[in-house]
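Secondary and tertiary structure notes
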Amino acid sequence: MRAIEINNLNTSEFWDKLNKRNLFHKIDNPIADHRTNTVISLVSKGNNRILNLGFGSASLEEKLYEYENVDLVGLDISGKSVNIAKRRFKRWNFMKGDVVNLPKSLNNFDDVIMLEVLEHIQPSKTFIVLKSINKLLKEKGRLILSVPINEGLQDMIKRGENPNAHVRLYTHNILKAELNTSGFKIIKTIDLYAFRKNYNIKTLVMHIFGSIIKTIQPNNIICVARKI
């Protein structure tokens, strides 16, 4: 029996609107800024070929563009986001497409980045996506991704709310199982917390004392996994 899936609202039109609104600043969305900076620190800057799946408002591209040895390809479901990125980052290649049906022209990448994307893929298609990504990576290539956790999606769905069109709930264990099954070995995970005020101080406290403070749960996982 096929499991019941959350209604999939992820269309080109939906993301044409949402990507425009998702431009953020570290003051009003510090966790998103922290996530971007963390991923920048994880990416090799020397002669590295990167595929960014679901690049959205291109916040990552904006900070990576200064590194001339980085060759980046971006794919997004939003045609408007693709056109904006093409105008802003002229030496890189951007295309419209769906991660569930990746273009056959994509191959031979050192890193694939997929931030806040996996939770938009229905469970019946998750392994199709992850195994496709595995195939287009170089030997020992890496997948760098992030997913939200502890966001209360079930309660939002019950209230008829789903502002970000998520169709998946994730935990550390679910993410690990899906990556292992798809031919990846996790080499690093980083937890982020959605603190609105005093973000840096509170994040530092959780980094030092997180194993002791059990009442505060992380809201985001950044994961680095290597192709095996």
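What you see is a predicted model; the values in this text were computed from it and never measured.

A separate point is the side chain of R142. You can see R142 is positioned in strand β5 (residues 137-148). Here R142 is in contact with L42, V43, S44, D110, D111, V112, L137, I187, V224, A225 and R226, once residues within four sequence places are set aside.

Before going further, it helps to spend a moment on the environment of D71. Structurally, D71 is set in strand β2 (residues 70-76). Separated by 24 residues in the primary sequence, D71 and N47 place their C-alpha atoms 7.2 Å from one another.

Here we come to the side chain of S78. Here S78 is to be found in the loop between β2 and α4 (79-88). Of the polar contacts made by the side chain of S78, one reaches the side chain of D16; its length is 2.6 Å. Within polar-contact distance, the side chain of S78 engages the side chain of S81 at 3.0 Å. In contact with S78, other than residues within four places in its own chain, are S12, W15, D16 and N19.

Moving on: α4. When α4 is considered as a whole, its buried residues turn out to be G79, S81, V82 and A85. On an axial view of α4, the arc spanned by its buried residues comes to 160°, and they lie on one face. Structural note: α4 exposes K80 and R87 on the side pointing more than 90 degrees away from its buried face.

Moving on: the confidence of the model for the chain. Looking at the chain, pLDDT values average 91 and 95% of them are 70 or higher. Element-level mean pLDDT values for the chain span from 81 in helix α1 (residues 12-21) up to 98 in strand β7 (residues 220-227).

With that settled, the discussion passes to the pattern of salt bridges. On inspection of all chains with the given rule, the structure shows eight salt bridges. Among the salt bridges present, the one from D71 reaches R49, with a minimum N-O distance of 3.7 Å. Of the two residues, D71 is situated in strand β2 and R49 in strand β1 (residues 48-53); the sequence distance between them amounts to 22 residues. Using a relative accessible area of 26% as the deciding quantity, one classes R49 as partly exposed. For R142, the salt bridge identified is with D111, shortest N-O distance 3.0 Å. Placement of R142 in strand β5 and of D111 in strand β4 (residues 109-115) is noted, with a sequence separation of 31 residues between them. By the burial criterion, R142 is buried, and D111 matches it.

For the coordinates displayed, the defined rule picks out eight aromatic pairs. Taking the centre distance of 4.8 Å and the plane angle of 90° together, the rings of Y65 and W92 count as edge-to-face. With Y65 in the loop between α3 (59-64) and β2 and W92 in the loop between α4 and β3 (93-96), this residue pair connects regions lying 27 residues apart in the sequence. Take W92: its relative accessible area is 6%, and that puts it in the buried class. Chaining the aromatic ring pairs together yields one cluster made of F55, Y65, F89, W92 and F94. Just above the ring of F109 sits the side chain of R49; from NZ or CZ to the centre is 4.2 Å. Here the basic side chain of R91 rests over the ring of Y65, its NZ or CZ set 4.2 Å away from the ring centre.

What follows is about the pairing of β2. Where burial is concerned, most of β2 is hidden: six out of the seven residues are buried. As paired elements, β1 and β2 share six bridges and run parallel to each other. Within the sheet, the bridge partner assigned to N48 lies in β2 and is V70. With α3 bridging β1 and the parallel β2, this β-α-β connection has right-handed handedness. The sheet contact formed by β2 and β3 spans four bridges and is parallel. Within β3, the residue paired with L75 across the bridge is M95. For the crossover that starts at β2, traverses α4 and ends in the parallel β3, the hand is right-handed.

Reading the values: the criteria
- Residues numbered from 1 in each chain as written.
- Predicted model: local features only at pLDDT ≥ 70, side-chain atom pairs only at ≥ 80, totals over all residues.
- Heavy atoms only, no water.
- Helix = DSSP H or I, 4+ residues; strand = E, 2+ residues; numbered from the N terminus.
- Contact = heavy atoms within 4.5 Å.
- Polar contact = N/O pair within 3.5 Å; in protein donor to acceptor, adjacent residues only side chain to side chain.
- Buried < 20%, exposed > 50% of the residue type's maximum accessible area, 1.4 Å probe, protein only.
- Arc of directions from axis to C-beta.
- pLDDT = per-residue confidence, 0-100.
- Salt bridge = Lys/Arg side-chain N within 4 Å of Asp/Glu carboxyl O.
- Phe/Tyr/Trp six-rings, centres within 6.5 Å; stacked < 30°, edge-to-face > 60°.
- Lys NZ or Arg CZ within 6 Å of the ring centre and 35° of its normal.
- Pairing = 2+ DSSP bridges.
- Right-handed = clockwise from strand over helix to strand, strands pointing away.

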